[in-house]
Amino acid sequence: MRLAQHSSHQVDYSKSLNFIFNNKRYKGYEGDTLASALLANDSFLFARSFKYGRKRGLMAAGVEEPNALVSLEIGGRYTPNLKATEITLYDGLSAVSASNPNAFDMRAFIKPLHRFMPAGFYYKTFIKQKVWAKVEDSIRAFSGFSKAPTEEDVDVYDHIFHHAEVVVIGGGAAGISAALEVLNNSEKERVILVDERSQLGGELFNEFSSDEAAMTWHKDSVNRLLSFSNKDSERFTLLTQSTAYAWHDQNFIEVLETITTAESLTSSESQKARKIVHRIRAKEVILATGAHERPMLFEANDLTNIMLSQSVRRYLHEYGVISGKKVVIYGNNDSIYSTAKDLHVNDIECIVVDVRSSEKPIEIISELKDSGVKVLQGYSIVKALGSHRVKGVEIKQTMLQGNSWQVFGDTETLSCDLLATSGGFNPVVHLDCHNGAKTYFDEVSQSFLPQQDRDNREVCGAVAGAGAWQDAIIDAKNKAQFTLNALGVVSKLTQEILSENYSNFFNVSQFFTPKEILNMPKVFLDLQNDVTTLDVALSIREGYRSIEHIKRYTAMGFGTDQGKTGNINGIAVAAELLEIPMSEVGTTTFRPAYTGVDFGAMAGREIGDFFDPQRYTTIHDSHVASGAEFEVVGQWYRPWYYPKTGENMHQAVHRECLAARTSLGMMDASTLGKIDVQGSDAREFLSRVYTNAWMKLAPGSCRYGLMCNEKGMIIDDGVSACINNNHFIMTTTTGGAASVYSALEMWLQTEWSDLDVHLNSVTDQYSTVAVVGPNARKLMKLLCQDVDFERENFKFMQWRQGTVCGVDARIMRISFSGELAYEINVEANYGRYIWDQVAITGEQWNITPYGTESMHVLRAEKGYIIVGQDTDGSMTPMDVNMSWILAKDKSFSYVGRRSFSISALCTEDRLQLVGLMTKDSSTVLPEGANAIDNKGKSIGYVTSSYFSPILNRSIAMAQIKGGLSKIGETVLVKIVQKKQGLKEIPCEISSSVFYDIEGEKVDGND
Amino acid sequence: MLLIHCPYCKESRDQSEFSPAGEAFIARPKNPEGISDEEWADYVFYRTNHKGNHWEQWVHANGCRKYFLVERSTISHQILQVAPFGARNNETEL
Ligand SMILES: [Zn+2]
């Protein structure tokens, strides 16, 4: 319910908002979170638990909330698994619980089985028994998380980069104070302050009703901060509703900002970003990340309306909301008395239960007692009563004897409808640990504190152990002085004195983990994953000792909340059961991200057309006009085939292949990688990186080369042309261009810097039109008059400089199809012009453009390999039957050569490239299909497979164990056919050259 | 994400502009045919995977395309120094 007379810093009661939760309509106010608005409407149920289907409500008010997971909006705005405590309310909001607490739940039936579902239950029951695959879907449907989105995200997300001298993370008392101190004492240093809440102040709001000084300080300080950003937006940047979720090396910080306006979330036109990832590179970091309260442990501590004490205060102060009329406040530190005072001031009935016995009287306790509040010291809650919502508690007397807690005496019962607990505070050390820092266990505050000295970072406020807000402010000022000093801005430090209570974090007693309580059922540590103290005990009985293993065995801290409330209690329980100190147990590893980050935010604007660069040749528009289908090859959009009206792919490829074989085809070969190699040692360089000889290649000639790495494995192939003795043009595969270029540079720069060789990538500088087919020479004679195309004068593997349709061109007579072919290379921007001229002039021979698919068929008919398709990075030249390309007499041991003689690369049963001819000539094998021996074991696989139009039968290439010595033998290839199911296809192992074995076609017709 | 100073461009730039290129000072044997399989394998496959300050090669792939040397802590990822390769880089002493 909402308090009648409440003035809030946070909520604007003049602006009411409508929203829908779990199909019901509600009203809230501007400034509410979804959680506070629902509590105000007396709606407590948020979830069904993960494993047991128990009903759960809110436990916290902020980022640490484990239960209240909801999915927001529908359709293209649907976002799963957000915390209701972190969703700022807007008009028209609609949300549903991740696991609907009111829906019929299957788990209600297996409820009596609770005791049979300990940690490791699923593994032991299903995975070990090998039935997991059958039951996985139905078990996953139980889990307490939202369904994954099914529609495309309609929202826009942005990335913004920042540079700053100082980043302050956390906008509570300490963060505000630190940022102000830096700004006040420097002139041009840029400061960014990041806070996850919508308003600066953090836990300071909890002091407002009882401490006027806190309120005044907050107002003044925030105004002073804002005046900096008003004066000079460069100097101070404030990011609210922004969570710093990762801190990487060299002070690189990632922040997720949530923009919540009704306009941005409900309007279909809005192009405003919904979330922004800020990437900040800072010189100095000040962490003021505060602390999270941890709950107390007792039986049924997961009932609805059992909340953290500070969260109860936060709902009260910030939103004027309280979810009960009769409150029991239970804990082990002085903060519970502040909660009691705040509730009492607002006329809410409360009883305080403190596990600590009274030692010295504290002012606030006597004050409360005097005003009629019941205070029970030396008592503990052993069990919460109620079926779903808490109705009361059972308490017993408690005493600390030596190092262990004793629970004794008769059970008494207190009734209540809200239970607030505080088991101390966990400093939020997560970010610090992302970046490699360690924590240490501090006995006084009973918490893991951040490592003390680190370069370029300070910690201040609650995360450093400061309990009271006044101390946090002074601590922050002092730490900011160190930061200014590190930046060289101030040399003289003016440190202020802290109060004597500084390190005494709310006077916390030792963890309350008596064995009597740990041995009870349903004492939950991790509410999101339903991990209890008994699960931790079981994991220890089963032999796990490291907290990292206990975590993985029990799944404690694996939820979307990453165990923010439960983990440290789990460590305390493990310490108690292992009978070792907390410091020896240590923490689990904190890794990014601190909170969930939307995939949309990670992707930012790099989606759709901006996901990856798209490369087009200058001829692209013509391919589009011709109706080509495209395939993407290493970012290039290459024509795949050119279907005519009514043709399918098979028919188009058939027509294209026959045109190239019988008359004339043309192809855009511009995407092949081209590297310009120049220098007096260019020839020597090629000899070192290719397996074959290059020393005698004359200017005007070309040569095919095969490139290996030092492991002896094929990495690329292509034709290089000798322009002159100091100049070669190397071509690489389309996909391999960048990596080959990079590998060549590495050799030159790191190993052979004595060679006079310079490389430049010229792929984009040339357009290449290939003219292919027996009539190619006739066409070239028409296109180019200043080159002698007679077969004796312009031989295969030569190139000529000439003028094609008025454009300077290098014409190379090379062939990837076995037919007579010329590749016309012109300056890139003439590509389209030359393409069109070739097409028009070639009409008399019915010139036919063909794409990559026909190119693949044509080359396979000739047995030419495609690196990356017929090879996979573990193939040597010998494996692909290309020993002929290994030069024997080079003076320099070329790259990869030494590896060829390593025994493992010389065995007989290596996978070797051979041809496969199906006995039934119409069956086309699927690529990737396995060849099997007579025992059904795989002996290799199909790498390339097509129907060859010119041969009118299927052809395939395959890697078969010892295949080269099995030519002529029959092998079975296992395939799956749609109707017949599994089938074994008999094939003959053959040479991989299927067509024109003698190589007679390369000279074409005159 | 590291901030790397390119000794050629003389600027500290984001890691996304660079590519790592393995451990530094792995010299290619002068006479590969004259050494044993084990020695060759040591050059091709084996690296120290050193814990601590470590010399490695980086290339300013989306910048000046130069390879250079980086001394980096494999524990803290802190970059201690960068250096260009010498004229006869394999023997460069740093
Ligand atoms: Zn550079």
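Colleague: Can you walk me through helix H14 (residues 533-541) of chain A in this structure?
Modeller: Within an α-helix, residues lying three or four positions from one another point in the same direction, as the helix has 3.6 residues per turn. Residues and elements named next belong to chain A. Of all 9 residues making up H14, 7 are buried, and the element is well covered by its neighbours. Three or more residues of H14 are buried, namely Thr 533, Asp 535, Val 536, Ala 537, Leu 538, Ser 539 and Ile 540. One or two residues past the end of H14 sits Gly 543, with phi positive at roughly 105 degrees.

Colleague: Could you clarify how one ought to interpret the coordination of the zinc ion in this entry?
Modeller: Each pair of donors in an ideal four-coordinate tetrahedral metal site encloses 109.5 degrees, whereas pairs in an ideal six-coordinate octahedral site enclose 90 or 180 degrees. Residues and elements named next belong to chain B. Within the protein, the atoms that donate to the zinc ion are Cys 6 (SG), Cys 9 (SG), His 60 (ND1) and Cys 64 (SG), at distances of 2.0 to 2.3 Å. One can describe the donor arrangement at the zinc ion as tetrahedral, given that its 4 donor atoms subtend angles of 106 to 116 degrees at the metal. Relative accessible area serves as the criterion here: at 2%, His 60 is assigned to the buried category.

Colleague: Explanation requested: the interface of chain A and chain B in the structure shown.
Modeller: One widely used convention gives an interface's size as the accessible area the parts lose upon coming together. With 30 residues of chain A in contact, the opposing surface of chain B contributes 30 residues. Carbon and sulfur atoms make up 43% of the surface buried where chain A meets chain B, a total of about 2,500 Å² over both sides. The interface formed by chain A and chain B contains 4 salt bridges. For the pair chain A and chain B, the number of links is 21 residue pairs in polar contact (both at pLDDT 80 or more). Contributions of two or more residues to the side of chain A that touches chain B are made by helix H22 (737-751) and strand S36 (758-761) of chain A. Top element by residues in the side of chain A that touches chain B is H22 of chain A. It accounts for 8 residues.

Colleague: Whenever I open this one, the pairing of strand S32 (residues 673-678) of chain A confuses me. Can you help?
Modeller: Across a regular strand the side chains alternate sides, sitting on one face of the sheet and then on the other. Residues and elements named next belong to chain A. Along S32, 5 of the 6 residues are buried, which leaves the element largely enclosed by surrounding structure. Both S32 and strand S35 (residues 727-732) contribute to a ladder of 6 bridges, which runs antiparallel. Directly across from Gly 673, in S35, lies its bridge partner Thr 732. As judged from the 4 bridges shared by S32 and S36, these two strands associate in the antiparallel manner. In the strand pairing of S36, Ile 675 is matched with Ser 761.

Colleague: Please clarify how empty space enclosed by the protein should be interpreted in this entry.
Modeller: It is a probe the size of a water molecule, rolled over the atoms, that shows where empty space is left. Residues and elements named next belong to chain A. A full pass over the atoms with the stated rule returns 9 cavities of 30 Å³ or more. Every residue lining the largest cavity is counted, 49 residues in all, and those nearest its centre are Arg 197, Glu 203, Thr 289, Gly 290 and Ala 291. Of all elements in the fold, only helix H5 (173-184), strand S11 (242-248), strand S14 (291-293), helix H8 (309-319), helix H11 (430-434) and helix H12 (469-486) reach the threshold of two or more residues within the lining of the largest cavity. When residues of the lining of the largest cavity are assigned to their parent elements, the largest contribution, 4 residues, is made by H8. Class assignment of the residues belonging to the lining of the largest cavity gives a composition of 23 nonpolar, 17 polar and 9 charged.

Colleague: Got a minute to help me understand the pattern of salt bridges in this structure?
Modeller: When the charged atoms of two side chains lie near each other, side chains of opposite charge can form a pair. Residues and elements named next belong to chain A. Under the definition given, this model contains 47 salt bridges over all chains. Residues Arg 197 and Glu 318 are paired through a salt bridge, measuring 3.7 Å at the closest nitrogen-oxygen approach. Taken together, the positions of Arg 197 in the loop between strand S9 (191-194) and helix H6 (212-231) and Glu 318 in helix H8 put the pair 121 residues apart, joining distant regions of the chain. The same class applies to Arg 197 as to Glu 318, namely buried. One salt bridge connects Lys 479 with Asp 475, and the closest N-O pair in it is separated by 3.1 Å. Of this pair, Lys 479 and Asp 475 both sit in helix H12, separated by 4 residues, roughly a single helical turn. Residue classification places Asp 475 among the buried positions, given a relative accessible area of 3%. The network of salt bridges with shared partners includes Arg 777, Arg 791, Arg 813, Asp 1003 and Asp 1006.

Colleague: Where do I start with the domain arrangement of chain A in this structure?
Modeller: According to the domain assignment, chain A consists of domain 1 (12-115), domain 2 (156-291 + 427-486), domain 3 (295-423), domain 4 (510-595), domain 5 (615-905) and domain 6 (907-1006). Computed over C-alpha atoms, the centres of domain 4 of chain A and domain 6 of chain A are 58 Å apart.

Colleague: Just checking my understanding: could you explain the sheet that holds strand S42 (residues 911-918) of chain A for this structure?
Modeller: By way of backbone hydrogen bonds, the strands of a sheet pair with one another, either parallel or antiparallel. All names here are of chain A. Spatial ordering of the closed barrel is given by S42-S45-S44-S43-S46-S47, a layout of 6 strands whose pairing is antiparallel. Each strand of the sheet is rotated relative to its neighbour by a mean of 45 degrees, with strand direction disregarded. On the sheet, helix H25 (residues 852-861) packs against strand S44 (938-948) and strand S45 (953-961) and is oriented at approximately 115 degrees with respect to S44.

Colleague: Looking at this structure, how should I read the sheet that holds strand S5 (residues 67-73) of chain B?
Modeller: Spatial strand order, S3-S4-S5-S6 (chain B): 4 strands in an open sheet with antiparallel pairing. Pairing within the sheet leaves two strands with one partner each, and these edge strands are strand S3 (19-23) and strand S6 (79-84) of chain B. Each adjacent strand pair in this sheet contributes to an overall mean axis angle of 30 degrees, direction not counted. Pairing analysis gives 7 bridges linking strand S4 (residues 53-59) of chain B to S5 of chain B, with the strands arranged antiparallel. Bridged to Asn 53 of chain B within S5 of chain B is Ser 73 of chain B. Running at roughly 85 degrees to S5 of chain B, H22 of chain A makes contact with S3, S4 and S5 of chain B of the sheet.

How each quantity is defined
- Residues numbered from 1 in each chain as written.
- Chains lettered and ligands numbered in written order.
- Predicted model: local features only at pLDDT ≥ 70, side-chain atom pairs only at ≥ 80, totals over all residues.
- Heavy atoms only, no water.
- Buried < 20%, exposed > 50% of the residue type's maximum accessible area, 1.4 Å probe, protein only.
- Helix = DSSP H or I, 4+ residues; strand = E, 2+ residues; numbered from the N terminus.
- Donors = N, O, S within 2.8 Å, 3.2 Å for Na, K, Ca; no water.
- Tetrahedral: all angles 85-135°; square planar, octahedral: opposite > 155°, others 65-115°.
- Contact = heavy atoms within 4.5 Å.
- Buried area = accessible area lost by both parts, 1.4 Å probe.
- Salt bridge = Lys/Arg side-chain N within 4 Å of Asp/Glu carboxyl O.
- Polar contact = N/O pair within 3.5 Å; in protein donor to acceptor, adjacent residues only side chain to side chain.
- Pairing = 2+ DSSP bridges.
- 1 Å grid on protein atoms, 1.4 Å probe; cavity = no way out; pocket = protein on both sides within 12 Å on 5 of 7 lines; lining within 4 Å.
- Points joined across faces, edges and corners; volume = space filled by probe spheres on them.
- Nonpolar A, V, L, I, M, F, W, Y, C, P; charged D, E, K, R; others polar.
- Domains from an automatic or database assignment.
- Axes fitted to C-alpha atoms, helices over the stretch in contact; angles between N-to-C directions.

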